[in-house]
Amino acid sequence: MDRGVVLSAPGAVALEQIVVDQPKPGELAVRIEASGVCHTDLHVVEEDGWGHALPVLLGHEGAGTIEAIGPDVDGLSVGDRVLLGWHTACGECEQCARGLPRQCKRPPAAYGRLHRTDGSVLTPVLRTGTFATRTVVPAVAAVKVPDELPLEQACLIGCAVATGVMSVLETARVPPGASVAVIGCGAVGLSVVQGARIAGAAEIRAIDLDERKQEQALRFGATAVGEGPVDFAFDVVGRRATFELALRLLRGGGTAVLIGLSPAGEKAELDLPRLFAKRVTVRTSHGGDHLPHEDFPRLAQWALDGKLDLASMVTRRLTLEDAPRALDELRSSPDLVRSVIVL
Ligand SMILES: [Zn+2]
Ligand SMILES: [Zn+2]
């Protein structure tokens, strides 16, 4: 019997038995071997599903092995080690038709294959649902992982690392020599730091209320801690105070990038004359506008080449039974980078 971590009603998270159907055309079933515990799962719990119909199968930063393949799937085989991506492209929507697959409005999903034992359909978080022994996803969501890269590291690429690094390289296109501030130094923030280092930023300032997290960022490539004027400011937190800080730090012509998910109703105040005088740009990053098939292989290669430190980001290994508690602890574990559920 398969098991998964389910949000069944507001605030009710538990590990339970689940039923996983065979994949339909264009889909595959993956045995999950590792899944990162990302803040977005906590956001889903705290926002009563955050747009996902309850009951919800949590988890969206997973890697594993293909166990079954539906008809009409090319290029993948049973036994392949894969990383799951949630920010895929349909190839048909208005944005895809305009040649902007990174802004796809209708990422493909394999809804209806996952159930509770009472038969009710589970909605997998961000179309993946990786806090489970198995899940079913559209084939386009699976990207092969090089044999040498451990899955407990590879899974981080699926959300935190793609979001952080690609926010720098794709959303903001930080040029060599730029100065960068990163507000919020958890797994995504440290990935922004690493992305800025890879982009060749001259100055990378780590900002976090927790001094230990600031210090930790220095090991990932930050060159300074605390506030200072910069060309690019990344708000990885998404609260009023952090977004207003990002705008305040910008030099003339600077760009603020909003990455962190804000709670419903969160608002910030803009000083319009100052914004105008400084010619500020504000960009929003949905997962760094990453495209799994283009970006994951490159990120995995950088990890193998030592350009991207994934190993140091895995700070704790848990079992599936630990997942509900791990979500709770996300609120209170400041020195943690990433907990990874290993199955
Ligand atoms: Zn599309
Ligand atoms: Zn995530």
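Residues numbered from 1 in each chain as written. Chains lettered and ligands numbered in written order. Predicted model: local features only at pLDDT ≥ 70, side-chain atom pairs only at ≥ 80, totals over all residues. Heavy atoms only, no water.

Overview of the sheet that holds strand E8 (residues 123-124)
In space, the five strands of this open sheet follow the order E7-E2-E1-E4-E8, with mixed pairing throughout. Strands at the two margins of the open sheet, each flanked by one partner only, are strand E7 (114-116) and E8. (Pairing = 2+ DSSP bridges. Helix = DSSP H or I, 4+ residues; strand = E, 2+ residues; numbered from the N terminus.)

As for the coordination of the zinc ion (ligand 1)
Only Cys90 (SG), Cys93 (SG), Cys96 (SG) and Cys104 (SG) from the protein coordinate the zinc ion (ligand 1), and they sit 2.3 to 2.4 Å from it. Bound by four donor atoms, the zinc ion (ligand 1) shows angles of 105 to 118 degrees at the metal and therefore tetrahedral coordination geometry. Within one chain, the residues serving as donors to the zinc ion (ligand 1) are arranged as C-x2-C-x2-C-x7-C. (Donors = N, O, S within 2.8 Å, 3.2 Å for Na, K, Ca; no water. Tetrahedral: all angles 85-135°; square planar, octahedral: opposite > 155°, others 65-115°.)

Structural notes on the coordination of the zinc ion (ligand 2)
Donor atoms from the polypeptide that bind the zinc ion (ligand 2) are Cys38 (SG), His60 (NE2) and Cys159 (SG), placed at 2.0 to 2.2 Å. Sequence spacing of the donor residues for the zinc ion (ligand 2), all on one chain, is C-x21-H-x98-C. Of this pair, Cys38 sits in the loop between strand E3 (27-36) and helix H1 (39-46) while His60 sits in the loop between strand E4 (56-57) and strand E5 (62-69), placing them 22 residues apart in sequence.

Description of the pattern of salt bridges
Tallied over the full model, the rule gives 27 salt bridges. The partner of Arg102 in a salt bridge is Asp295, and the shortest N-O contact between them spans 2.8 Å. A residue pair is termed long-range when its members are at least 10 positions apart, and Arg102 in the loop between helix H2 (94-97) and E7 and Asp295 in helix H8 (residues 292-305) qualify at 193 residues. By relative accessible area, Arg102 is classed as buried at 15%. (Salt bridge = Lys/Arg side-chain N within 4 Å of Asp/Glu carboxyl O. Buried < 20%, exposed > 50% of the residue type's maximum accessible area, 1.4 Å probe, protein only.)

Here's the deal with the packing of helix H3 (residues 151-171) against helix H4 (residues 187-199)
It is the contact of H3 with H4, at a shortest axis distance of 7 Å, that shows an interaxial angle of 40 degrees. It follows that H3 is oblique to H4 by the angle criterion. Crossing handedness for the pair H3 and H4: right-handed. Of H4, the residues touching H3 (which contributes Ala160, Val161, Thr163, Gly164, Val165, Val168 and Leu169) are Ala187, Val188, Ser191, Val192, Gly195, Ala196 and Ala199. (Axes fitted to C-alpha atoms, helices over the stretch in contact; angles between N-to-C directions. Parallel < 35°, antiparallel > 145°, perpendicular 65-115°, else oblique. Left-handed = near helix turned anticlockwise from the far one by under 90°. Contact = heavy atoms within 4.5 Å.)

What about the side chain of Thr123?
Mapping Thr123 onto the fold places it in strand E8. Beyond its immediate chain neighbours, meaning those up to four positions away, Thr123 contacts His52, Ala53, Pro55, Val56, Leu57 and Tyr111.

So, the pairing of strand E6 (residues 81-84)
Remember that side chains alternate between the two faces of the sheet whenever the strand is regular. One ladder, built from three bridges, connects E5 with E6; its direction is antiparallel. Within the sheet, the bridge partner assigned to Ala63 lies in E6 and is Leu83. Two strands pair when backbone bridges link them, and E6 and strand E10 (residues 142-144) are joined in this way by three bridges, in the antiparallel orientation. Each bridged residue has a counterpart across the sheet, and for Val82 the counterpart in E10 is Lys144.

Comments concerning the environment of Phe276
With respect to the secondary-structure elements, Phe276 resides in helix H7 (residues 272-278). C-alpha of Phe276 to C-alpha of Gly253: the two residues are 23 residues apart in sequence and 9.8 Å apart in space.

Let's talk about the domain arrangement of the chain
Per the domain assignment, the segments of the chain are domain 1 (2-158 + 289-342) and domain 2 (173-284). Taking only C-alpha atoms, the centre of domain 1 and the centre of domain 2 are 27 Å apart. Contact residues are listed per partner, giving 15 residues for domain 1 and 16 residues for domain 2. Both faces considered, domain 1 and domain 2 share a buried interface measuring about 1,300 Å² in area, 62% of it formed by carbon and sulfur atoms. Our count for the contact surface shared by domain 1 and domain 2 stands at three residue pairs in polar contact (both at pLDDT 80 or more). Residue classes in the side of domain 1 that touches domain 2 are distributed as six nonpolar, three polar and six charged. (Domains from an automatic or database assignment. Buried area = accessible area lost by both parts, 1.4 Å probe. Polar contact = N/O pair within 3.5 Å; in protein donor to acceptor, adjacent residues only side chain to side chain. Nonpolar A, V, L, I, M, F, W, Y, C, P; charged D, E, K, R; others polar.)

A short note on the sheet that holds strand E11 (residues 179-183)
If you trace the six strands from one edge of the open sheet to the other, you get E13-E12-E11-E14-E15-E16, paired in parallel fashion. Single-partner strands in this sheet number two, and they are strand E13 (224-225) and strand E16 (281-284). Summarising the sheet, E11 and strand E14 (residues 230-235) pair through four bridges and their orientation is parallel. Looking at the pairing, Ala181 lines up with Ala233 of E14.

Re the nonpolar core
If you look at the biggest cluster of nonpolar residues, it comprises 53 residues, and the most contacted ones within it are Ile157, Val161, Val174 and Phe234. Elements with a minimum of two residues in this core: H3, E11, H4, strand E12 (203-207), E14 and H8. With eleven residues, the single largest contributor to this core is H3. Both domains that meet at this core, namely domain 1 (2-158 + 289-342) and domain 2 (173-284), each give it at least three residues. For Val174, the contacting residues outside a window of four places in its chain are Val168, Val180, Ala199, Phe232 and Phe234. (Core = buried A, V, L, I, M, F, W, Y, C linked by side-chain atoms within 4.5 Å.)

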